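What follows is the residue order along each chain.
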Amino acid sequence: LSFADGGGTNEPAWEVGLSDNQTINNSTHTRLGMTVLRASTSSTYWNSTNHKTQNLTAGKYYAWLNLTSESDLGASTIYLQIRHFNSSDAQQSAATLAAGDLHKENGAAVVGLFNISSGDYLDYTLWQNSGSGTDQIYEAGDGSTCAGGGFKLA
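Not measured: the values here are computed from a predicted model. (Residues numbered from 1 in each chain as written. Predicted model: local features only at pLDDT ≥ 70, side-chain atom pairs only at ≥ 80, totals over all residues. Heavy atoms only, no water.)

Observations regarding the sheet that holds strand β13 (residues 147-152)
Through backbone hydrogen bonds, the strands of a sheet pair up, either in parallel or in antiparallel fashion. Put simply, the test is: Any two strands are treated as partners once DSSP identifies two or more bridges connecting them. For the purposes of this entry, the term helix denotes a DSSP run of H or I that reaches at least four residues, the term strand denotes a run of E that reaches at least two, and both are numbered from the N terminus.
As summarised here, the arrangement of the 5 strands in space is β4-β1-β13-β7-β10, forming an open sheet in which the pairing is antiparallel. In this open sheet, the two strands that pair with only one neighbour each are β4 (36-37) and β10 (108-116). Pairing analysis gives 5 bridges linking strand β1 (residues 13-17) to β13, with the strands arranged antiparallel. Bridge pairing in β13 places G17 opposite A147.

Written as C-alpha cells, this is what we have:
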C-alpha cells in the first residue's frame, strides 16, 4: 500500500478477510478468523493460523475493521474491537465500537491508531449478547464483506 501523493510505502501493511461465515458466541470476545489475504498482502505480516498481525516493526499504525451480517443479530449490544497486545500477550489498548446491534443494511466499522513496539500484534474481535451463539457474520467467500487491514504511518 502506498500514498499516491506522498511517495514511499506504508509498510508493514495488511488487508485480510473472512473466508466463510463465522459463529460468534454469546458474551465472549471472539477473535475473527481472518484467513483471506486481500490486495497485495503478504503472509509476512498476517498470521492466518492465529488470526493476528506478525512481524510488525516499531511505529505508529492505522488499523481498520468492517463487518457485515447476513441478518440483524438480535443483540442489544455489540462490541467491535481492534486489540493491541505486547510481545508478552498483555493487552495494551483497543479501538472499540459499541453499538446496539450489527445490522445487515449497513454493518459496522471501527478504526484506530496504535503505537506499536517490536513484537507487538493486533487482532480483531466481536462480542455480542444475542442470548446464544450466532453464525450470521456474513462472508461472500472472497473476504470482501468482513475485512480488516492496516499499515504503518511512520
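What to know about the environment of T49
Selection rule: For every residue, the accessible area obtained with a 1.4 Å probe (protein chains only) is divided by the maximum for its type, and the residue is called buried under 20%, exposed over 50%, and partly exposed between those limits.
If you trace the backbone, T49 turns up in the loop between β5 (46-47) and β6 (52-53). A residue is classified by how much of its surface remains accessible, and T49, at 65% relative accessible area, is exposed. For T49 and M34, which are 15 residues apart along the polypeptide, the C-alpha to C-alpha distance reads 8.8 Å.

Observations regarding the sheet that holds strand β11 (residues 121-128)
Pairing within the open sheet is antiparallel, and its 4 strands lie in the order β3-β11-β8-β9. The sheet terminates laterally at β3 (30-31) and β9 (91-99), the two strands that pair on one side only. Of the pairings in the sheet, the one linking β3 to β11 comprises 2 bridges and is antiparallel in character. The partner of T30 across the bridge, within β11, is L126.

Some thoughts on the pairing of β11
Among the 8 residues of β11, 8 are classified as buried, and the element is accordingly described as predominantly covered. Every second residue of β11 is oriented toward a common face, with Y121, D123, T125 and W127 on one face and L122, Y124, L126 and Q128 on the other, all of them buried. As paired strands, strand β8 (residues 78-85) and β11 are joined by 8 bridges and run antiparallel to one another. Residue Q81 lies in a different strand from β11, and its bridge partner there is T125.

Quick notes on the confidence of the model for the protein chain
Formally: The quantity known as pLDDT measures the predictor's confidence residue by residue, on a range of 0 to 100. Residue contacts follow a heavy-atom distance rule, with two residues in contact if any of their heavy atoms lie within 4.5 Å.
Confidence along the protein chain averages 84 in pLDDT terms, with 83% of residues attaining 70 or more. Of all the helices and strands in the protein chain, strand β12 (residues 134-137) carries the lowest mean pLDDT, 66, while β6 carries the highest, 95. The model gives residues 1-6 a pLDDT under 50, and that stretch makes 11 contacts with residues more than four places away or in other chains.

Quick word on the packing of aromatic side chains
Threshold: Here is the rule: rings of Phe, Tyr and Trp (six-membered ring for Trp) pair when centre to centre is within 6.5 Å. Planes less than 30 degrees apart are stacked, more than 60 are edge-to-face, and the remainder are tilted. For a lysine, the NZ atom is tested; for an arginine, the CZ atom; a charge sits over a ring if that atom is within 6 Å of the ring centre and within 35 degrees of the ring normal.
By the definition in use, this model includes 5 aromatic pairs. Consider the rings of W14 and Y61, whose centres lie 6.2 Å apart with planes at 35°: the pair is tilted. Pair noted here: W14 is in strand β1 and Y61 is in strand β7 (residues 59-67), with a separation of 47 residues, a long-range link. Per residue, the accessibility class of W14 equals that of Y61, and both read buried. The ring of Y121 has K52 lying over it, and the distance from NZ or CZ to the ring centre is 4.0 Å.

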